Amino acid sequence: MENLYDILGCDPSASHERLKKAYQNLALKYHPDKNTISNTPENHEMFIKINQAWKILSDPTLRSHFDLRWRERSLTQDWPVQDDIDFAEFVPDSMEPEFFSYPCRCGGRYVLEPNDVTLHLDIVCCDTCSLCVTVNYSES
């Protein structure tokens with residue numbers, strides 16, 4: 001999970017209009033059809049990141065969810081990371097089928113909400129103990 005505000009070069013307190021202006025400027029700079037001089041794979045990847053950041057930050061619900069998860073992620077940096085888990089190992093949760101879960105060694109579970117998956121949340125804490133796992137998403 002990358003800081004989407006950093007991708008757009010904005011502060012988290014930036015207005016919708018400021019984010020939109022930053023997105024437009026960066027999209028023009030990195031667009032493959034507009035930037036024929038330095039049309040590199042790195043620039044193409046950056047263009048994709050810019051579009052993904054705008055897609056999330058332009059939606060008030062997704063932006064709010066991202067802000068919340070980013071704050072939580074920042075707080076969990078000091079918590080013990082038990083393991084790296086591929087997202088494919090998470091299964092639909094038995095209690096809430098639209099959520100995904102993975103069992104913790106304590107008997108609890110690591111739970112990903114649908115928006116967490118959209119945001120590619122990469123650090124998830126157990127709902128019972130203080131352990132965390134890193135979630136690896138395939139590049140598809």
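Everything that follows concerns the structure shown earlier in this document.
Basis of the calculations
Residues numbered from 1 in each chain as written. Predicted model: local features only at pLDDT ≥ 70, side-chain atom pairs only at ≥ 80, totals over all residues. Heavy atoms only, no water. Salt bridge = Lys/Arg side-chain N within 4 Å of Asp/Glu carboxyl O. Helix = DSSP H or I, 4+ residues; strand = E, 2+ residues; numbered from the N terminus. Buried < 20%, exposed > 50% of the residue type's maximum accessible area, 1.4 Å probe, protein only. Contact = heavy atoms within 4.5 Å. Expected span 1.5 Å × (residues − 1).

*Asks:* How do you make sense of the pattern of salt bridges when you look at a structure like this?
*Replies:* Any two side chains of opposite charge can pair if their charged atoms end up close together. Counting across every chain of the model gives 6 salt bridges. A salt bridge links E2 to K49; its shortest N-O distance comes to 3.2 Å. Highlighted residues: E2 in the segment before α1 (4–8) and K49 in helix α3 (residues 41–57), separated in sequence by 47 residues. Here R109 makes a salt bridge to D93, at a shortest N to O gap of 2.3 Å. Here R109 is found in strand β4 (residues 109–112), whereas its partner D93 is found in the loop between β2 (91–92) and β3 (100–103), with 16 residues between them in sequence. Note on accessibility: R109 and D93 belong to one class, buried. A single salt-bridge network, built from bridges that share partners, covers E2, E45 and K49.

*Asks:* What am I meant to see in the side chain of N3 here?
*Replies:* For N3, the position within the fold is in the segment before α1. Overall, the relative accessible area of 15% leaves N3 in the buried class. Not counting the four nearest positions on each side in its chain, N3 is found in contact with F66 and W70.

*Asks:* Help me out: how do you make sense of α3 in this one?
*Replies:* Because each turn of an α-helix spans 3.6 residues, side chains separated by three or four positions end up pointing in the same direction. Look at α3: 24 Å from first C-alpha to last across 17 residues, which is about the 24 Å you get at 1.5 Å a residue. For α3, the set of buried residues is N43, F47, I50, A53, W54, I56 and L57.

Take it as geometry only, folks, not as evidence of what the structure does.
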